[in-house]
Amino acid sequence: MRRSSRAIASLVGLSLSLTACGGHTSSVTPGFGGNLATSSESSVKEAVSTSPLISVPHTTGALGFTDAGRRTGSAPVSVVLTLRYNHQQELDELVAKLNAPSSGPRQFLSAQQFNDYYAPTEQQENAVVQSLQKAGFTITHRFPNRTIVDAKAPSATVERYFKTEIHNVNQGKYGMRFTNVTPATAPAEIAPIVRDISLDNLVIARTVVDQEGGAVQPRTAPQFGTDAQGRTVLPLPTQIKPLANSQIQNGNFATGSLSPGWINESTTRKNYVAVTTAQSYESTYSAFMGTLGPPEVNGWSSIAQEVTIPANATLSFWVYQGSNEGQLGYGTTYAWQAGYLLNSKGSILTTFYKTVNNTNGWVNYTVNLSAYAGQTDYVYFGVYGDGYSQTYVYQYVDDVAFTGATPAPTQAPTQTPTQAPTQTPTSKPTQTPTQTPTQTPTQTPTQAPTQTPTQAPTQTPTQAPTQSPTQAPSGCNGAAADNGPLTNSSGTLATGVAKPFDFPVQHGCNGAGYTAAIAIDDPVNTSYLASYLAAAQVTQTGTVTNEAVDGGGSGDDAETDLDVQTIAGLAPGANIIVYDMGSLGDQQIEDTYNQVLSDGKASAVNSSFGGCESSDPSFADSTNSIAEQGAAVGVEFSASSGDSGSSECSGSKGVSAPAGGPYFSSIGGIDFTDTAQGVLETVVEGSVDGYSGGGGVSTVFALPSFQSGIAGVITSGRNQPDFSLPFYPVAVYTGGAFGEYLGTSWSSPASVALVLEADELHGSKLGWLNPTLYSLFSSTGYSTYFTPCTSGSNGAYSCSATEYNQAAGIGAPKGWALANAL
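Residue indices begin from 1 for each chain and proceed along its sequence in written order. pLDDT decides what is reported in this predicted model: residues at 70 or higher carry local features, side-chain atom pairs at 80 or more are listed and counted, and totals for whole chains, interfaces and linings draw on all residues regardless. With hydrogens and water stripped out, all remaining heavy atoms of the structure feed into the side-chain values.

Colleague: I keep staring at the nonpolar core and nothing clicks. Help me out?
Modeller: Considering soluble globular proteins, one finds that nonpolar side chains tend to be buried as a cluster. Core analysis: the largest hydrophobic core is formed by 159 residues, its most contacted members being Phe-317, Phe-352, Phe-381 and Phe-503. Ranked by the residues each element gives to this core, the list is headed by helix H11 (residues 744-762), at nine residues. Throughout, a residue-residue contact means that at least one pair of heavy atoms, one from each residue, lies within 4.5 Å. Ignoring any residue separated from it by four or fewer positions in sequence, one finds Phe-503 in contact with Val-497, Ala-498, Leu-570, Leu-725, Ala-750, Ala-753, Leu-754 and Glu-757. Think of a nonpolar core as a cluster: buried Ala, Val, Leu, Ile, Met, Phe, Trp, Tyr and Cys residues, connected wherever their side-chain atoms sit within 4.5 Å. Partly exposed residues are those whose accessible area sits between 20% and 50% of the maximum for their type, while under 20% is buried and over 50% is exposed, using a 1.4 Å probe and protein chains only. By definition, any uninterrupted DSSP run of H or I lasting at least four residues is a helix, any uninterrupted run of E lasting at least two residues is a strand, and each is numbered from the N terminus.

Structure follows, in structure tokens:
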């Protein structure tokens, strides 16, 4: 049975004048909703009630772009319109009441109840649709909650309708995109109904596995040693055993791994080598090395195979390469892609190529190695980088083989160190890349609230707790605790988080019966998940499925693997739906969030991505508005706070979105020490290769009520993060092997696992947690539910053992105690 609008209003003690039409008040003007003003946590500072917010995006750093001129009038442009809710002030009050700290079950609205009273009406949605169609737009997507309308039209139509100018732009490794470059306005007939409008397809967010770092560091050209003949010597950390044959083994990586034949020769601290399906020349797999976006690898990311060179040998191979080093004018001074023949000591015998190419497809090289016939040497492919925060370099390698014939070389290789490269590249780009690189899981524009729909805590977090939440759980299914190895050679595994932070899985709550939604660009490879769980010694009982949004993604991505493996490892009873959207653009992210709510399956949503919040305030506002709808129906939204410390805006002080929206929990990153038995010892703000958990103060959102009165909070805007979980190092099984990763890309899905287990413990969805978290911190400080970050900083902000701080928020959760108190 549908709840009437009067019944919904009674939840917040409101008296409404009602009509029998659609459950809306009589004050609604036909075609335009009533009570549309935005307020409190539900809007950005610059939002207005009479016209939609339409940003002129100004993404920077790795997400920056260069103008390529006005878009051809006939070229298609996609647009996304986020509509306003009705009765916004009432909704703010209701959400505050539903999610207020409470000892009883929270009585959230059903999706139907929300749609009947707060969602845009059919009449309002139709007014927008009809206006767009009349102007020449094609409607491409509508949702059951009538919150978003997707449409497309020729660029000239879009310019005329929104009174703006659309340009093509080059967004680096993300290719040619489009965006409005002048302010836009909506026609008066739809302006009061529409809240936010996106007129671009820019990649607005990055994943935080590898996001660009903070301050720009000076660069120094690398210095390598030489041998007695003056030849450059490369480090070979792994001793390769001779294969005793004269043919390349596994040259097309058809086994799905480096083995047999190839050895990972990386010297980088993080392992950026993988066998992947993301790109391949003719078969299924290729070898990847490097990073798809900033920061660059710091050292060598490389593979090698030892072979006896056959007579009349010509080595043939294909490469697919990308870098912005050349675009920025650095050339091969600090970083490059390379192929070499090395001797057993690592001396370079000949250089196949040394480049900073963007091939935009596969390119074939053939190299005459007959001068080395009979020698046992290394065929070596790699990328070198200096770890610079603003650049990247990568390559895929495939179909490596000796052809057995000797084509006429343009120059015969010799063993002198001064010889020119001998490759004969037959440049044939065979395809354009179909996958948008997303590595970083480091992120997006965020939002900050303006005022408080909940009671503001006013006391400093020093008061002793009134009781310790040690009562027995009511909803746990008695599942086995995580009890596998804490770590492996690549980093921390599931038990290495579950034990020191006392996750509810250690007490029989494994998230059974609840579902996580992972918003990300690419689907998950479930075989990689199985390999991870086997190594972590975790038995999963929940399900994992992929659901494509806006066409979905292709291939596998390390960030997706990290997100899924983290949640499945910490909450193995929970179900996981990967909503893969293909690209981390504002339109795709907004559609994905709205799809999650339309499906109605998830109780928590993970977003391991972000970007500078001030680069696109309308994105921050739209995502926050959708998250408020989630708070009304009992869905928690969590997002990574970023990996660039206090400088999330490409070296400038700033914070990340969408994590900064007040209806999101912003999850920061900390480092920790524990005993061999997994007992937590210390929590600090770690800095690894210049990366640390994001945090700071919003310039887009005002101070939310739940942070008001909290000692340490800066009152000029929404503060990030809310709380923190481990940042480094996490072991991820991706591309057929384990690798070491870092970032709030790890802490955010870990927080989602904790939420699912707490849901199971209480036997119901807990919804938006920020008001309760800060209320508990205000009343008990660090005595019961949170562990303080005692030292370290993320740049501009330092940890504090006594109060909230913009480095780690209210600290790290004591999982079991906190779950009982929620």
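Anyway, onward from the coordinates.
Colleague: Please explain the state of the cysteines as it appears in this structure.
Modeller: Disulfide: a covalent bond connecting the sulfur atoms of a pair of cysteines. Disulfides are defined in this document as cysteine sulfur pairs within 2.5 Å. By the definition in use, this model includes three disulfides. With a sulfur-sulfur separation of 1.7 Å, Cys-476 is cross-linked through a disulfide to Cys-509. Here the S-S torsion is close to -85°, and the disulfide linking Cys-476 with Cys-509 is therefore left-handed. Here Cys-509 lies in the loop between helix H6 (495-498) and strand E23 (515-520) and Cys-476 lies in the loop between strand E20 (393-402) and strand E21 (487-488), a separation of 33 residues in the sequence. Residue Cys-476 is classed as partly exposed on the basis of its relative accessible area, which comes to 22%. A relative accessible area of 0% places Cys-509 in the buried class.

Colleague: Explanation requested: helix H10 (residues 617-633) in the structure shown.
Modeller: Helical geometry note: an α-helix holds 3.6 residues per turn, so side chains three or four residues apart project in the same direction. The terminal C-alpha atoms of H10 lie 25 Å apart, and with 17 residues this matches the ideal 24 Å at 1.5 Å per residue to within 8%. Trailing H10 by a residue or two, Gly-634 shows a phi angle of about 90°, which is positive. What a helix should span is 1.5 Å times the count of its residues minus one.

Colleague: How should the packing of aromatic side chains be read in this particular structure?
Modeller: When we look at a pair of aromatic rings, we describe it by the centre distance and by the angle of the planes. The pairing test for Phe, Tyr and Trp rings, Trp by its six-membered ring, is centres within 6.5 Å, and the orientation test on the planes gives stacked under 30 degrees, edge-to-face over 60, and tilted for anything in between. Per the stated rule, a full pass over the model turns up 46 aromatic pairs. A ring pair is formed by Tyr-320 and Tyr-396, whose centres lie 5.7 Å apart and whose planes are at 85°; its orientation type is edge-to-face. Here Tyr-396 lies in strand E20 and Tyr-320 lies in strand E15 (residues 314-323), a separation of 76 residues in the sequence. Each of the two residues, Tyr-320 as well as Tyr-396, counts as buried.

Colleague: I would appreciate a short explanation of H11 in the present structure.
Modeller: Given a rise of 1.5 Å per residue, 19 residues ought to cover 27 Å, and the 27 Å separating the end C-alpha atoms of H11 matches this to within 8%. The element H11 is largely enclosed, with a buried count of 18 among its 19 residues. Note on H11: the residue one or two positions beyond its end, Gly-763, has a positive phi of about 75°.

Colleague: I keep staring at the pattern of salt bridges and nothing clicks. Help me out?
Modeller: Close approach of charged atoms lets side chains of opposite charge pair. Definition used for salt bridges: Asp or Glu carboxyl oxygen within 4 Å of a side-chain nitrogen of Lys or Arg. As enumerated under the stated definition, the model contains seven salt bridges in all. For Arg-195, the salt bridge is made with Asp-621, and the minimal N-O distance between the two is 2.8 Å. Relative accessible area serves as the criterion here: at 3%, Arg-195 is assigned to the buried category.

Colleague: What is the right way to read the sheet that holds strand E27 (residues 609-612) from this model?
Modeller: Either a parallel or an antiparallel arrangement is found when strands of a sheet pair, and the pairing is made through backbone hydrogen bonds. Any two strands are treated as partners once DSSP identifies two or more bridges connecting them. The strand order across the open sheet formed by three strands is E8-E27-E29, and the pairing between neighbours is antiparallel. Lying at the two open borders of the sheet, with one neighbouring strand each, are strand E8 (206-207) and strand E29 (656-657). Across two bridges, the pairing between E8 and E27 is antiparallel. Bridged to Arg-206 within E27 is Gly-610.

Colleague: Help me understand the environment of Thr-147, please; the structure alone is not making it clear to me.
Modeller: Examined against the element boundaries, Thr-147 turns out to sit in the loop between strand E3 (138-142) and strand E4 (148-154). Along the backbone, Thr-147 and Thr-82 are 65 residues apart, and their C-alpha atoms lie at a distance of 5.9 Å. Every residue in contact with Thr-147, bar those within four places of it in the chain, is listed here: Leu-81, Thr-82, Leu-83, Tyr-85, Pro-120, Asn-594 and Gln-629.

Colleague: Got a minute to help me understand the sheet that holds E4 in this structure?
Modeller: Read across the open sheet, the four strands follow the order E3-E4-E2-E7; overall the sheet is antiparallel. Bordering the open sheet on either side are E3 and strand E7 (194-198), each of which pairs with just one other strand. Strand-to-strand, the axes of this sheet are offset by a mean angle of 25°, without reference to chain direction. Of the pairings in the sheet, the one linking strand E2 (residues 76-83) to E7 comprises four bridges and is antiparallel in character. Paired with Leu-83 across the bridge in E7 is Val-194. Most of the contacts of helix H5 (residues 155-162) go to E4, to which it runs at about 120°, and overall it touches E2, E4 and E7. Axis lines are fitted to C-alpha atoms, over the contacting stretch for helices. Their N-to-C directions set the angle, which ranges from 0 to 180 degrees. Seen against the sheet, H10 touches E2, E4 and E7 and runs at an angle of roughly 130° to E7.

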